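Structural features, examined
Residues per chain, in single letters:
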Number of protein chains: 2
Amino acid sequence: MDDTVFMHEALRLAQMDPSEVPVGAVVVKDNRVIAVAHNEQFASQNALAHAEMLALQRAQEALGTSRLQDCTLYVTLEPCPMCAGGIILTGIKRCVFAAFDTQYGCCGSVYALPMDPVFHHSVLCEGGLLAEESRALLNAFFQRQRHEAGKPAKRQGEV
Amino acid sequence: MDDTVFMHEALRLAQMDPSEVPVGAVVVKDNRVIAVAHNEQFASQNALAHAEMLALQRAQEALGTSRLQDCTLYVTLEPCPMCAGGIILTGIKRCVFAAFDTQYGCCGSVYALPMDPVFHHSVLCEGGLLAEESRALLNAFFQRQRHEAGKPAKRQGEV
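Here goes a summary of the coordinates provided. None of the values given here were measured: they were computed from a predicted structure.

Once that is clear, we can look at the overall build of chain A. A tally of regular secondary structure across chain A gives 5 helices and 5 strands. Sequence-ordered secondary structure for chain A, helices as α and strands as β, is α-β-β-α-α-β-α-β-β-α. Structurally, chain A occupies a C-alpha span of about 45 × 30 × 30 Å along its principal axes. Burial analysis of chain A (159 residues in total) assigns 56% to the buried set. The contacts of chain A with a sequence gap of at least 6 include a subset with a gap of at least 24, amounting to 56%. Counting only carbon and sulfur atoms, one obtains 52% of the accessible surface of chain A, whose full area is about 6,400 Å². When the 13 basic and 18 acidic side-chain charges of chain A are each reduced to a single mean position, those positions are 3 Å apart.

Moving on, we get to the sheet that holds strand 1 (residues 24-29) of chain A. Residue and element names in this part refer to chain A. Read from one edge to the other, the open sheet built from 5 strands follows the order 2-1-3-4-5, with strand pairing classed as mixed. Each edge of the open sheet carries a strand with a single partner, namely strand 2 (32-38) and strand 5 (124-127). Each strand axis lies, on average, 15° off the axis of its neighbour in the sheet, ignoring direction. With 5 bridges joining them, strand 3 (residues 71-77) and strand 4 (residues 94-99) adopt parallel strand pairing. Directly across from V75, in strand 4, lies its bridge partner F97. Contacts from helix 5 (residues 131-146) reach strand 3 and strand 4 within the one sheet, and its direction differs from that of strand 4 by about 60°.

Here we take up the nonpolar core. Membership of the largest hydrophobic core comes to 86 residues, with the highest contact counts inside it found for V27, L73 and M82 of chain A together with V27, L73, M82 and L113 of chain B. Look past the residues within four positions of V27 of chain B in its chain and what remains in contact with it is R32, V33, I34, A35, A55, L56, A59, C71, T72 and L73 of chain B.

Right, let's get into the environment of L130 of chain A. All names here are of chain A. With respect to the secondary-structure elements, L130 resides in the loop between strand 5 and helix 5. Spatially, the C-alpha atoms of L130 and T4 are 7.6 Å apart, while their sequence positions differ by 126 residues. Setting aside chain neighbours within four positions, we find L130 in contact with T4, M7, H8, L11 and A98.

Attention shifts here to the packing of aromatic side chains. As enumerated under the stated definition, the model contains 11 aromatic pairs over all chains in all. Centre to centre, the rings of F6 of chain A and Y74 of chain A are 5.2 Å apart; their planes meet at 40°, and the pair counts as tilted. Taken together, the positions of F6 of chain A in helix 1 (residues 3-14) and Y74 of chain A in strand 3 put the pair 68 residues apart, joining distant regions of the chain. Take F6 of chain A and Y74 of chain A: they sit in the same class, and that class is buried. Here the aromatic rings of F141 of chain B and F142 of chain B are separated by 5.2 Å at their centres, their planes lie at 80°, and the arrangement is edge-to-face. Exposure remark for F141 of chain B: the relative accessible area of 2% places this residue in the buried category. You can call F142 of chain B buried: its relative accessible area is 3%.

We now examine the packing of helix 4 (residues 81-90) of chain A against helix 4 (residues 81-90) of chain B. Their axes nearest at 7 Å, the elements helix 4 of chain A and helix 4 of chain B cross at an angle of 160°. One finds that helix 4 of chain A runs roughly antiparallel with respect to helix 4 of chain B. As for the relative orientation of helix 4 of chain A and helix 4 of chain B, their crossing is left-handed in sense. Between helix 4 of chain A and helix 4 of chain B, the contacting residues are P81, M82, G85, G86, I88 and L89 of chain A on the first element and P81, M82, G85, G86, I88 and L89 of chain B on the second.

The relation between the two copies of this chain is a rotation about an axis and a shift parallel to it. You can overlay chain A on chain B at an RMSD of 0.0 Å; the transform is a turn of 180° with a shift of 0.0 Å along its axis. Here the copies are linked by what is in effect a two-fold axis. Ranked by how close their C-alpha atoms come to the rotation axis, the residues of chain A are headed by M82 of chain A, at 2.0 Å. A symmetric contact is evident, with 100% of the interface residues of chain A recurring at the interface of chain B.

The rules we used
Residues numbered from 1 in each chain as written. Chains lettered and ligands numbered in written order. Predicted model: local features only at pLDDT ≥ 70, side-chain atom pairs only at ≥ 80, totals over all residues. Heavy atoms only, no water. Helix = DSSP H or I, 4+ residues; strand = E, 2+ residues; numbered from the N terminus. Buried < 20%, exposed > 50% of the residue type's maximum accessible area, 1.4 Å probe, protein only. Contact = heavy atoms within 4.5 Å. Areas by Shrake-Rupley, 256 points an atom, 1.4 Å probe, with all protein chains shown as cover. Lys, Arg positive; Asp, Glu negative; His and termini not counted. Charge placed at Lys NZ, Arg CZ, Asp CG, Glu CD. Pairing = 2+ DSSP bridges. Axes fitted to C-alpha atoms, helices over the stretch in contact; angles between N-to-C directions. Core = buried A, V, L, I, M, F, W, Y, C linked by side-chain atoms within 4.5 Å. Phe/Tyr/Trp six-rings, centres within 6.5 Å; stacked < 30°, edge-to-face > 60°. Parallel < 35°, antiparallel > 145°, perpendicular 65-115°, else oblique. Left-handed = near helix turned anticlockwise from the far one by under 90°. Least-squares fit on C-alpha atoms with pLDDT ≥ 70 in both.

Spelled out as structure tokens, the structure:
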């Protein structure tokens, strides 16, 4: 199967909970999805519950190891500093993301952390796959949010 | 109370489980410890279970909010990219750490992520408090590990 199939699955996950910033993630090994997640920050009142972190954690549980070196992460938004760090720590081989995040993106936009050989493990990161579909979901979400009072003005993925 | 008291508590936590890289963390609000943690990577087979991440998650649970803007994080080793990202996302006010990490440290050593105003929230990070005590724990741990076969040669905090 090709990258587009897995990114479509990540986009489907991004839309699971309308109260969350729409970001979905899947971890794939040997062309098989081994873990899926969507953002859970607002449901869990946990700022650290990004889709990528949850998917990486579930992939480790599924494989019974903390090393994901034969896996690829597909995520609908460029990973933030925390998630880029999670990518480095799990030793994942490759990260494919959809929309670029010019505010927090750390896989090429603001920083390029997983590509930096200083961390002894350089991860192949590729952005822009189905980016327009992901950006449309994000823009629609933030447009809804702006019409509600008391919501933060700038968040992960907002432009 | 002063920073040294809370760092001593973090150093005590760092020694809780001899199978883990000795790192401890506490989150303090209004001079009161609201969350504590030590590394749990090996116990949980989860590369993401760093002391700082667990402490930040527990602090959010304790306060019932994902915003930690009135809190200080004390940690015995300079935070890695992931934990530096967690510090940014929770909006914590201040991070005090003991030993510097020249391999993975992202609060001054390799990168200075939480201090970068590009992320819309600059965190005051101060390193070096009780650094010798923390470094002694880390060095003793890695020396023990090097005498055991099949253990990875370079890990978080190793020099």
